[in-house]
Amino acid sequence: MANNNTKNRKAILVTPEVCIGCRACQVSCKSWNQLPGIKTKNTGTYQNPPDLASAAFNIIRYSEVPSQANPVRWLFVSRRCMHCEDAGCMKICPAPGALYRTKEGAVAFDRDKCIGCKLCVNACPFDVPRYDEEGKVTKCHLCFDRIDAGMQPACVKTCPTGALRFGDRAELISTAKQEGFGTIYGEEDLGGLGSLYAFKDEPKLYGMKDDPAIPSSVIFWNTVLKPFAVAGLGGVVAAAAIHYLAVGPHKEEEEV
Amino acid sequence: MAEMVKKSSGDEILNHWILAVSCILLIISGYGFLFQIETIGSLFGGFDTMKTVHNWVGVVFILSLLYSMRHYFKDALEYDADDRQWFKVAGGYLSHKVKVPPMGKYNPGQKLYYLAILAAGIAIALSGFVIWLIQDNAGLILFAHLVHNVAFCIFIIAVPVHIYLTTLANPGTFRIMVNGMVPLELAKKRYPKWMKAAGKM
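Everything numeric in this text was worked out from a predicted model, so none of it was measured.

### Considering the overall build of chain A
- Each helix and strand counted, chain A has seven helices and ten strands in total.
- Relative to the globule expectation of 18 Å for 256 residues, the C-alpha radius of gyration of chain A, 24 Å, shows a markedly less compact shape.
- Projected onto the principal axes, the alpha-carbon positions of chain A cover approximately 95 × 40 × 40 Å.
- Considering only contacts within chain A whose residues lie at least 6 apart along the sequence, 60% involve residues at least 24 apart.

See below:
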């Protein structure tokens, strides 16, 4: 079940403004999670690997957004699972326990329970879950194992500039506001994200999605079709029983 | 012993049982996935195995459904004035006092049921194959997921009605799916136009 107890909810606060794009977060994540390197090709950007992958739970997205004042402006955003309160992946998953909520409010996975249907990949508003070579789901799990041991997530621990901070979600939000960040991306989206972003500029500049939402077909399926699948079956069984008692079975002698 | 007429052939009966068993297995495992029901998963030996069973039983189901077209499809497309009258009296199901018009081999309820199952069956199979086999096309997979679940809703309404009407509601009908035979006297009452066409009336 969703962890609505925001008092205990932990989060990562990303402050892209102070990110220097060193990618230490990527390295420490690989190190802690024992993920292999990925062979990639230079496509004219420092962004590497090009996207999240089964061996890359987080990446730094590099956007070149030149402005009048700054003709060579690079924007860096550390990207990982958003740990939505209202998580599309968990909604659509058919295998109990394959995606689950940790007590810190993060969305973690149990690859032994994953059946490899890949529906979560398509229901995620942020295109986060990936499948490994064995067809099992992988993604950032907010280092729940480290948190349990009283440590910070690996990426946060290694970040040299404070662009990644970990802590109590409500506290992180109020700190960021005190620091003068006008937009806290993820404060309200999808019931509140577990990966928050503090911006002074438009989040869109950094490639953040406007109004992220669970796909409408998944919402319809969850709120209409699922209840109907129970009520419909119950209804026809009840209707048959009532018919049998009230009208009764067909009798031949009453036919012509 | 009373004279019997053969309503269903051997291959039709066998195919119908394959359809019935596969359909029910698919519905049960489908509920297991839809509501993450651990008990159903355990019945199939875990969710991973249940997924494999669901996929391959789905293949059996759609092949069997397509094969069934040779038994029912032609009849299911033909409707006459008596069929229209049949709807007006709701097939005589709501009251035994109404006069039900004479029927052919199948009544229009059965014919429409067949077309509904055929359409929903093809839709659920195609969408199932998309979910199973296609990768990296979120729009298509989400659409298939929706189609799969809408078709599922058609099945869980239509199939129990079909089972009820061919067992408890119409005693004697179930035997057709055992040996294919109907007593001639009963067939004359239930399928007069078919019997006339066959020269038995």
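Back to the text.
### Looking at the overall build of chain B
- Looking only at helices and strands, chain B has eight helices and two strands in total.
- Once the C-alpha set of chain B is aligned to its principal axes, its extents read approximately 60 × 35 × 30 Å.
- Relative to its full complement of 201 residues, chain B shows a buried share of 26%.
- Considering only intrachain contacts with a sequence separation of at least 6, the fraction spanning at least 24 residues in chain B is 63%.

### A word on the interface of chain A and chain B
- At the interface, 31 residues of chain A touch 34 residues of chain B.
- For the side of chain A that touches chain B, the residue count by class is 19 nonpolar, five polar and seven charged.

### A word on the sheet that holds strand E9 (residues 183–185) of chain A
Residue and element names in this part refer to chain A.
- Strand order in this open sheet of four strands is E8-E1-E10-E9, and the pairing throughout is mixed. In this open sheet, the two edge strands, each paired with only one partner strand, are strand E8 (164–168) and E9. Geometrically, the sheet is characterised by an average inter-axis angle of 30 degrees between neighbouring strands, direction not taken into account.
- One ladder, built from three bridges, connects strand E1 (residues 10–14) with strand E10 (residues 195–199); its direction is parallel. Along E10, the bridge assignment pairs Leu 13 with Leu 196.
- Sheet contacts for helix H6 (residues 169–178): E1, E8, E9 and E10; angle to E8, the most-contacted strand, approximately 130 degrees.

### So, helix H5 (residues 108–133) of chain B
- With 26 residues, H5(B) extends 37 Å from end C-alpha to end C-alpha; this agrees with the ideal 38 Å at 1.5 Å per step.
- Among all positions in H5(B), only B:Pro108, B:Lys111, B:Tyr114, B:Ile117, B:Ala120, B:Gly121, B:Ile124, B:Ser127 and B:Gly128 are buried.

### Some remarks on the environment of A:Arg130
- Along the polypeptide, A:Arg130 turns up in strand E6 (residues 130–131).
- Sequence separation between A:Arg130 and A:Ala176 is 46 residues, and the spatial gap between their C-alpha atoms is 30 Å.

### Structural notes on the packing of H5(B) against helix H6 (residues 138–165) of chain B
All names here are of chain B.
- Contact pair H5 / H6: the axes reach a minimum separation of 8 Å and the direction vectors enclose 145 degrees. Viewed along their axes, H5 and H6 form a crossing whose handedness is left-handed. Every residue of H6 that contacts H5 at Tyr 113, Ala 116, Ile 117, Ala 120, Ala 123, Ile 124, Ser 127, Gly 128, Val 130 and Ile 131 is listed here: Leu 140, Ile 141, Ala 144, His 145, Val 147, His 148, Ala 151, Phe 152, Ile 154, Phe 155, Ala 158 and His 162.
- The residue inventory of the contact of H5 with H6, partitioned by class, reads 17 nonpolar, five polar and no charged.

### Section: the domain arrangement of chain A
- Domain assignment breaks chain A into domain 1 (10–206) and domain 2 (216–254).
- Between the C-alpha centres of domain 1 of chain A and domain 2 of chain A there is a distance of 45 Å.

### A few points about helix H1 (residues 24–33) of chain A
All names here are of chain A.
- If you check which residues of H1 are buried, you get Cys 25, Gln 26 and Cys 29. Looking straight down H1, one finds that the buried residues subtend no more than 100 degrees of arc, so they occupy a single side.
- Check the buried side of H1 and you find it contacts strand E2 (59–64), strand E3 (74–79), helix H5 (154–158) and E8.
- At the C-terminal side of H1, Gln 34 shows a positive phi close to 55 degrees.

### Digging into the nonpolar core
- Counting 67 residues, the largest nonpolar core has A:Cys89, A:Cys120 and A:Leu196 as the members making the most contacts within it.
- In this structure, A:Ala229, B:Ala76, B:Tyr114 and B:Ala120 belong to the second largest nonpolar core, which totals eleven residues.

### Observations regarding unusual backbone geometry
Residue and element names in this part refer to chain A.
- The peptide bond linking Asn 48 to Pro 49 adopts the cis configuration, its omega dihedral lying at -5 degrees.
- In this structure, Pro 49 sits in the loop between H1 and E2.
- Even without a glycine there, the phi angle at Leu 142 is positive, about 55 degrees.

### Observations regarding the packing of helix H1 (residues 10–34) of chain B against helix H3 (residues 47–76) of chain B
All names here are of chain B.
- Following both chains from N to C, one finds H1 and H3 inclined at 145 degrees, their axes separated by 8 Å at the closest point. Classified by chirality, the crossing of H3 by H1 is left-handed. On the side of H1, the interface is formed by Glu 12, Asn 15, Ile 18, Leu 19, Ser 22, Cys 23, Leu 25, Leu 26, Ser 29 and Gly 32, while H3 contributes Met 50, Val 53, His 54, Val 57, Gly 58, Val 60, Phe 61, Ser 64, Leu 65, Tyr 67, Ser 68 and His 71.
- Considered class by class, the residues forming the contact of H1 with H3 number twelve nonpolar, nine polar and one charged.

About the thresholds
Residues numbered from 1 in each chain as written. Chains lettered and ligands numbered in written order. Predicted model: local features only at pLDDT ≥ 70, side-chain atom pairs only at ≥ 80, totals over all residues. Helix = DSSP H or I, 4+ residues; strand = E, 2+ residues; numbered from the N terminus. Rg over C-alpha atoms; globule rule 2.2 N^0.38 Å. Contact = placed C-beta atoms within 7 Å. Buried ≥ 20, exposed ≤ 12 C-beta atoms within 10 Å, placed from the backbone. Nonpolar A, V, L, I, M, F, W, Y, C, P; charged D, E, K, R; others polar. Pairing = 2+ DSSP bridges. Axes fitted to C-alpha atoms, helices over the stretch in contact; angles between N-to-C directions. Expected span 1.5 Å × (residues − 1). Left-handed = near helix turned anticlockwise from the far one by under 90°. Domains from an automatic or database assignment. Arc of directions from axis to C-beta. Core = buried A, V, L, I, M, F, W, Y, C linked by C-beta atoms within 7 Å.

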